[in-house]
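Geometric and topological summary
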Amino acid sequence: NSFVTRTNTCGELRSAHVGQKVTLCGWVQYQRQGLFLVLRDFQGLTQIIIPQDEAHSHMKELLSNAPVESVVQVTGIVSPRPLGQENPKMPTGDIEVKAETAEILNSCKKLPFEIKDFIKKSEALRMQYRYLDLRSFQLQANLRLRSRMVMRMREYLCNLHGFVDVETPTLFKRTPGGAKEFLVPSREAGKFYSLPQSPQQFKQLLMVGGLDRYFQVARCYRDEGSRPDRQPEFTQMDIEMSFVDQAGIQRLIEGLLQHSWPEERALIVTPFPSMTYEEALAEYGTDKPDTRFGMKIMDISDVLRGSDIHFVQNALSYPHGSIRAICIPQGVKYLTNKDLESLKESAKSQFNQEIVEIIRRPDGSLKSLLTKFLGEKEQSELIQALNMQEDDVVLLAAGEHKQVCSALGTLRLLSANLLEAAGLALRDPTAFHFLWVVDFPLFLPKAKNPTELESAHHPFTAPHPSDASLLYSDPTKVRSQHYDLVLNGSEVGGGSIRIHSAEQQRFVLEEVLKEDSKVLSHLIEALEFGAPPHGGIALGLDRLISLIIDAPSIRDVIAFPKSFRGRDLMGNAPDYVTPEELEPYHIQVSWPLEEKEAKKN
């Protein structure tokens, strides 16, 4: 309460304050028949008793007619509530304040929605009136938890481990590869700045500059629209270190998270488990596994290798062919035929992958299209390999290894959603399962042109020391020193050890990725001036905090987020600018025909 006109907040008064004269400031949460009102601020609620005597008639009229959400300042005496009228659900429920003076600091007009957490509001309305939505206790709690975590991260990095907080430029130039970048016009004709996807180049240059340990709470930009876990502008805890290896970065991040972890959440245990990219794909069908539940993908190629099933033999005849399956516990009990059909349809539409189901009946026998091709011995081996219990449902896929695993990985998550919707507790919402995923491939075939390669992480990632020679002979087989941090099936961080050799960096850009290295000439030249070995990581703060508080979207931990389409519905951005405003930037807008007509009308 320093520096302000109030003596106390609306959430701190208790029986110990009885008899004290206090001044409170806040919003009218509720008012009842001119008898009392509930005043709210960021910390809580306090009941204010409106005097009924003639001497205070002016104040009674003032407070009785104050619309909900008006801003009020009240001075009065803290009193115990009458016996039997205490409210144990309110921290201030043992007391009330008998008003002596009051002032309406600002009246509130008719609200577009009620400021209560339990009132459902459309997402668009919440975004349009974000300043009202921010008054809810839930959003207030989210932003305050975020603030505490970031402060403790700063404390850990700066005070305990000697990191330097450095701000890097927002206006820069296009980076080859990676996500689409926002362009910013300049007054030089045809020349544009780019808003950085991350401070990647700058933090490497800081290591060349001898800063040794850098961090920044960095604003980053990607022109990719929005999803529940992605925004066009977002925040990273960005970190880089010199003379470090992968294990050193991992230990730093584990300590950082332990130090900043909210006390009210379940404790996290370090060191975090680690898994290779190939293991994650083979067992979970994804590079960001949710390890809170089982239902791992099982390889049953050997069990069915001797069978006469045509599609099985066809799949196994290919170099990377395999037969894999997931076992859904109690699937007969919790999943309907419609559910099973929807799972099969998802695999078909997303991955062009056929799925065969196998059910274990209560008598122990199997029900499936495959059983007529399998003898008793093979059926028994299948039951044993998949550890099938009564009423379990198995989803089986045959084909190319990566496609089969990806399809079953998606079905694993969809099945978990269906089981939980039907009442089976599968994933503990209070548990936090961190996992390091390592040994990613350095390059991947481009989706649009598989004969060309792109960086799996970014073009500055160093090859795995064991695979360094393959970089020049068979780059598709090179593993990288790239590591991702996964929490409950979501990627919350990613980083790598960087290339610190100018010659190697130039080779990767020009010979492997077929990019023009001149765009990065400043970085390549810097590497020629004695660049130390270095590496780093970036934690996605928005996503990390949304997972900690179990928010449905990262928009719930950002004060002023963008909509699904990347728009600011409150300020109506992006917006049109006049031709006169564009003239200094040498830009003219070429309007689509339908928009030209609309502007005329």
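Residues numbered from 1 in each chain as written. Predicted model: local features only at pLDDT ≥ 70, side-chain atom pairs only at ≥ 80, totals over all residues. Heavy atoms only, no water.

The name an unreviewed UniProt entry assigns to the protein is SYDM protein, from the organism Eulacestoma nigropectus. Reading the Sequence similarities (unreviewed entry) entry of the UniProt record for the protein gives the comment "Belongs to the class-II aminoacyl-tRNA synthetase family. Type 1 subfamily." (UniProt positions renumbered as here; feature names shortened; annotations may be inferred.)

Description of the sheet that holds strand β16 (residues 393-400)
If you trace the 5 strands from one edge of the open sheet to the other, you get β12-β13-β16-β14-β15, paired in antiparallel fashion. Taken across any chain shown, the strands that pair with only one partner, and hence form the sheet edges, are β12 (298-299) and β15 (366-367). In terms of strand pairing, strand β14 (residues 356-360) meets β16 through 4 bridges, oriented antiparallel. Counterpart to glutamate 357 in the pairing with β16 is leucine 395. (Pairing = 2+ DSSP bridges. Helix = DSSP H or I, 4+ residues; strand = E, 2+ residues; numbered from the N terminus.)

Some details on the nonpolar core
Membership of the largest hydrophobic core comes to 50 residues, with the highest contact counts inside it found for Leu157, Ile239, Ile253, Leu257, Phe434, Leu485 and Leu544. No other element matches the 6 residues that helix α4 (residues 137-161) contributes to this core. Discounting chain neighbours no more than four positions away, the residues touching leucine 485 are Ile253, Leu257, Phe272, Phe434, Leu435, Trp436, Ser490, Glu491, Val492, Gly493 and Leu539. Judged by nonpolar contacts, the second largest core, of 23 residues, contains Leu343, Cys405, Leu408 and Ala416. (Core = buried A, V, L, I, M, F, W, Y, C linked by side-chain atoms within 4.5 Å. Buried < 20%, exposed > 50% of the residue type's maximum accessible area, 1.4 Å probe, protein only. Contact = heavy atoms within 4.5 Å.)

Observations regarding the side chain of arginine 498
Following the sequence through the fold, arginine 498 ends up in the loop between β21 (490-497) and α15 (502-512). Taking the relative accessible area as the measure of exposure, arginine 498 reaches 2% and is therefore buried. Separated by 2.8 Å, the side chains of arginine 498 and glutamate 240 make a polar contact. (Polar contact = N/O pair within 3.5 Å; in protein donor to acceptor, adjacent residues only side chain to side chain.)

As for the domain arrangement of the protein
Its domain assignment divides the protein into domain 1 (15-106), domain 2 (140-275 + 433-556) and domain 3 (293-422). Each of domain 1 and domain 2 was reduced to a C-alpha centroid, and the two centroids are 51 Å apart. (Domains from an automatic or database assignment.)

A few points about the pattern of salt bridges
Enumeration over the complete set of coordinates arrives at 35 salt bridges. The partner of arginine 40 in a salt bridge is glutamate 69, and the shortest N-O contact between them spans 2.7 Å. One end of the pair, arginine 40, is in strand β2 (residues 36-41); the other, glutamate 69, is in the loop between α1 (57-64) and β4 (71-80), and 29 residues separate them in sequence. Given the relative accessible area of 2%, arginine 40 is considered buried. (Salt bridge = Lys/Arg side-chain N within 4 Å of Asp/Glu carboxyl O.)

As for unusual backbone geometry
The residue after threonine 270, namely proline 271, is reached through a cis peptide bond having omega -5 degrees. A cis amide bond links alanine 573 to the next residue, proline 574, at an omega of 0 degrees. The topology assignment puts proline 574 in the loop between α17 (541-548) and α18 (579-582). A positive phi is found at methionine 295, a non-glycine position, where the angle reads about 55 degrees. One non-glycine residue, asparagine 387, lies in positive phi territory at about 50 degrees. Looking at the secondary structure, you find asparagine 387 in the loop between α12 (376-386) and β16.

A closer look at a nonpolar patch on the surface
On the surface, Tyr131, Phe560 and Met570 cluster together into a nonpolar patch covering about 300 Å² of accessible area. With respect to the helices and strands, the residue methionine 570 is situated in the loop between α17 and α18. On the accessibility criterion, methionine 570 (33% relative accessible area) is partly exposed. (Patch = residues over 30% accessible without salt bridge, like charges linked within 9 Å, V, L, I, M, F, W, Y side chains within 5 Å. Areas by Shrake-Rupley, 256 points an atom, 1.4 Å probe, with all protein chains shown as cover.)

A look at the packing of α4 against helix α6 (residues 246-260)
Where α4 contacts α6, the axes come no closer than 8 Å and their chain directions differ by 130 degrees. Considered as vectors, α4 and α6 are oriented oblique to each other. When you trace α4 past α6, the crossing you get is right-handed. Of α6, the residues touching α4 (which contributes Met149, Arg152, Met153, Glu155, Tyr156, Leu157 and Leu160) are Leu252, Gly255, Leu256, Leu257, His259 and Ser260. (Axes fitted to C-alpha atoms, helices over the stretch in contact; angles between N-to-C directions. Parallel < 35°, antiparallel > 145°, perpendicular 65-115°, else oblique. Left-handed = near helix turned anticlockwise from the far one by under 90°.)

Here's the deal with the side chain of serine 517
Take serine 517: it is sitting in the loop between α15 and α16 (521-527). Residue serine 517 is classed as buried on the basis of its relative accessible area of 9%. Within the structure, serine 517 has its side chain in polar contact with the side chain of glutamate 510 (distance 2.5 Å). Here serine 517 is in contact with Arg506, Leu509, Glu510 and Ile524, once residues within four sequence places are set aside.

Focus on the packing of aromatic side chains
Here the structure, examined in full by the defined rule, presents 10 aromatic pairs. Between phenylalanine 272 and phenylalanine 434 the ring centres are 4.5 Å apart and the planes differ by 10 degrees, which places this aromatic pair in the stacked class. Of this pair, phenylalanine 272 sits in the loop between α6 and β11 (274-276) while phenylalanine 434 sits in strand β17 (residues 434-438); the two residues are 162 residues apart in sequence, bridging distant segments of the chain. With respect to class, phenylalanine 272 is no different from phenylalanine 434; both count as buried. An aromatic cluster is present here, built from Trp261, Phe272, Phe432 and Phe434 joined pairwise through their rings. (Phe/Tyr/Trp six-rings, centres within 6.5 Å; stacked < 30°, edge-to-face > 60°.)

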